[in-house]
Amino acid sequence: MTLHTLFVCKSCSTVIDHEEADERAEGNKLFLQLLELQKDNSIYHHLNIESVGCLWTCGRPCTVTFVCPEKYTYHFVDLTEESTTDLLQFSQLYQASKDGYVLPGKLPGTLRSHLLVRIPPTPETR
C-alpha cells in the first residue's frame, strides 16, 4: 500500500512567535484534533498524520501538506481547527486518485480558498 502522509506544522500560530511555540500553538491544536478524529473513525486509518516543526509558511498559519510518492503534493494554509473534517475528507479523495490530482471543484468545504500550491509528482526514475 502506498503511504499517504499529512504533515501538520505544529509551530504555526497567529499569537505565539515561532520560537516560543508550544502546545498552545494553533498548529499543535490542529494536529491533536486530526489525530483524535482519525482515532475515532477507521476510514482515516490509512493516512499517516505527522507533526513537523515548521513548514516555512509562517505568514499564513496554520499549514498542512499532503504528500505521497508519485502523486501531486498539496499545501494548504490559513487553516483553523474547524478545517479538520475538510482535511480528512480531502485525504479520502487524495488517496483514491491514482496520481493525487483532485479537481478544484471537488475540494471539500473551504479548502479551495486555502490551497497555496499543488506541486506535480516527481518524474519516475528510469
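Right above here is the structure, for reference.
None of the values given here were measured: they were computed from a predicted structure. Each chain carries its own residue numbering, running from 1 in the written order of its sequence. Thresholds applied to this predicted model are a pLDDT of at least 70 for local features of residues and 80 or more for the giving and counting of side-chain atom pairs; totals over whole chains, interfaces and linings are not thresholded and use all residues. Note that water and hydrogens are dropped before the side-chain values are worked out from all heavy atoms of the structure.

Colleague: Which residues make up the packing of aromatic side chains, and what are the values?
Modeller: Aromatic rings from Phe, Tyr and Trp, with only the six-membered ring used for Trp, were paired whenever their centres fell within 6.5 Å, and each pair was classed as stacked if the ring planes differed by under 30 degrees, edge-to-face if by over 60, and tilted otherwise. Tallied over the full model, the rule gives nine aromatic pairs. Taking the centre distance of 5.0 Å and the plane angle of 70 degrees together, the rings of Y74 and F90 count as edge-to-face. Here Y74, found in strand β4 (residues 73-76), pairs with F90, found in helix α2 (residues 84-96); they are 16 residues apart in sequence, far enough to count as distant. Throughout, exposure labels follow a simple rule: accessible area from a 1.4 Å probe, protein chains only, divided by the maximum for the residue type, with under 20% read as buried, over 50% as exposed, and the rest as partly exposed. For F90, a relative accessible area of 0% corresponds to the buried category. Linked through ring pairs, F66, Y74, F76, F90 and Y94 together constitute an aromatic cluster. The criterion for a charge sitting over a ring is simple: Lys NZ or Arg CZ within 6 Å of the ring centre, and within 35 degrees of the ring normal. Between the NZ or CZ atom of K71 and the centre of the ring of Y94, over which it lies, the distance is 5.4 Å. Secondary structure elements follow DSSP: runs of H or I of four or more residues count as helices, runs of E of two or more count as strands, with numbering from the N terminus.

Colleague: Give a detailed account of a nonpolar patch on the surface, specifying residues and quantitative values.
Modeller: Patch members must show over 30% relative accessible area and no salt bridge, and they are joined within 9 Å when carrying like charges or within 5 Å when they are nonpolar side chains of Val, Leu, Ile, Met, Phe, Trp or Tyr. Method for areas: the Shrake-Rupley scheme with a 1.4 Å probe, in which residue coverage is limited to the protein chains shown. Any Lys or Arg side-chain nitrogen located within 4 Å of an Asp or Glu carboxyl oxygen qualifies as a salt bridge. On the surface, L116, V117 and I119 cluster together into a nonpolar patch covering about 220 Å² of accessible area. When you line up the elements, L116 lands in strand β5 (residues 115-119). Accessibility expressed as a relative area gives 43% for L116, which makes it partly exposed.

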